[in-house]
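# Coordinates in review
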Amino acid sequence: MFLERIVATKKEEAAALKASMNLNAAEREIAGLPACLGFEAALQAGRRRRPVGLIAEVKKASPSKGLIRPDFHPVQLAKAYEAAGADCISVLTDVQYFQGSNDYLRGVREGVNVPLLRKDFTIDERQIYEARLIGADAILLIAAILDKRQLDAYHRLARDIGLDVLVEVHNRPELEAVLEVGRATLIGVNNRNLHTFETDLSVTEQLIALMPEGVTAVSESAIASTEDIAFVEKAGAQAVLVGEHFMRQPDVGAAIEGLLGPVVKTGAAG
Ligand SMILES: O=C(O)c1ccccc1NCC(=O)[C@H](O)[C@H](O)COP(=O)(O)O
């Protein structure tokens, strides 16, 4: 099973981090960093300018599609996303399966001033410290690979060091576990089954209907047309996470406008 392979790789990486990272030193360094940019707040602000908030993803390759963008320049792409009004940017840092890199996130941090999601498979607390140290504003917690104790502890740690948390679910039991833990305010519904790679936007419709008031709901994956946006918005998505569709267009800024329309000036700050 593919997800199990990814988790096994992450366990090896976590063991290496355990050997190289001094937690006290990491905490001291983090205490001296500037505050994170508000990831969830940026998505809510984005909803006032477009039908839904936008997390635009910098994604070179994926397990399901292989190499997506051979001519891959993460900082240029991120600057184009920012110029086109992306509210937040997701940067894949997994090396083995997505051809990502922590250096991509560091570079993007230097290049843009929008909140950044470190998109990776978090299974150890040291990865959360690492995310903050390389410049992320938010991390991803995937319910399919974490039990309730981990969801609770990792969420608490991330918030303690200033990070927002996008908690990802794909089915009803995962959503119920996340709601029982009771910490998530920002919940992503992944339309992709991470075991089979099958995609289905109706997963967004089914799961958002079960979410309580007050949750910022994000529809993730397989969004590629204005019809898809209309569908997930009607289902209650307040934001979307889009990677491959943008990565396949030569001009990613124009692709944002094509998918979501122009930014509407509200006159209000934010
Ligand atoms: O994208 C994959 O093939 C994939 C496979 C296994 C686990 C995770 C995977 N993707 C991570 C993501 O959640 C997506 O990169 C993100 O939602 C954007 O999706 P898309 O717009 O379809 O590129």
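Residues numbered from 1 in each chain as written. Predicted model: local features only at pLDDT ≥ 70, side-chain atom pairs only at ≥ 80, totals over all residues. Heavy atoms only, no water.

Identification of the protein chain as Indole-3-glycerol phosphate synthase from Cohnella rhizosphaerae is taken from an unreviewed UniProt entry. Quoted verbatim from the Catalytic activity (unreviewed entry) field of UniProt, the annotation for the protein chain is "1-(2-carboxyphenylamino)-1-deoxy-D-ribulose 5-phosphate + H(+) = (1S,2R)-1-C-(indol-3-yl)glycerol 3-phosphate + CO2 + H2O". Looking at the Pathway (unreviewed entry) heading of the UniProt record, one finds this comment for the protein chain: "Amino-acid biosynthesis; L-tryptophan biosynthesis; L-tryptophan from chorismate: step 4/5." (UniProt positions renumbered as here; feature names shortened; annotations may be inferred.)

## Considering the UniProt feature "domain: Indole-3-glycerol phosphate synthase" (unreviewed entry) in the protein chain
UniProt marks residues 3–258 with the feature "domain: Indole-3-glycerol phosphate synthase" (unreviewed entry), using the numbering shown here. Spanning residues 3–258, this segment combines 45% helix with 17% strand, and its end C-alpha atoms are found 33 Å apart. (Helix = DSSP H or I, 4+ residues; strand = E, 2+ residues; numbered from the N terminus.)

## Looking at the packing of aromatic side chains
Under the defined criterion, the tally for this structure stands at five aromatic pairs. Look at F2 and F197: their rings are 5.4 Å apart centre to centre, the planes differ by 70°, and that puts the pair in the edge-to-face class. Here F2 is found in helix α1 (residues 2–20), whereas its partner F197 is found in the loop between β8 (186–190) and α9 (202–208), with 195 residues between them in sequence. A relative accessible area of 28% places F197 in the partly exposed class. Through a chain of ring-to-ring contacts, the aromatic side chains of F2, Y97 and F197 assemble into a single cluster. (Phe/Tyr/Trp six-rings, centres within 6.5 Å; stacked < 30°, edge-to-face > 60°. Buried < 20%, exposed > 50% of the residue type's maximum accessible area, 1.4 Å probe, protein only.)

## Looking at the state of the cysteines
Defined simply, a disulfide is a covalent bond joining two cysteines at their sulfur atoms. Evaluated as defined, the whole model comprises zero disulfides. Summary of cysteine pairing: C36 is not part of a disulfide, and the nearest cysteine sulfur, belonging to C88, is at 12 Å. For C36, a relative accessible area of 19% puts it in the buried group. (Disulfide = S-S within 2.5 Å.)

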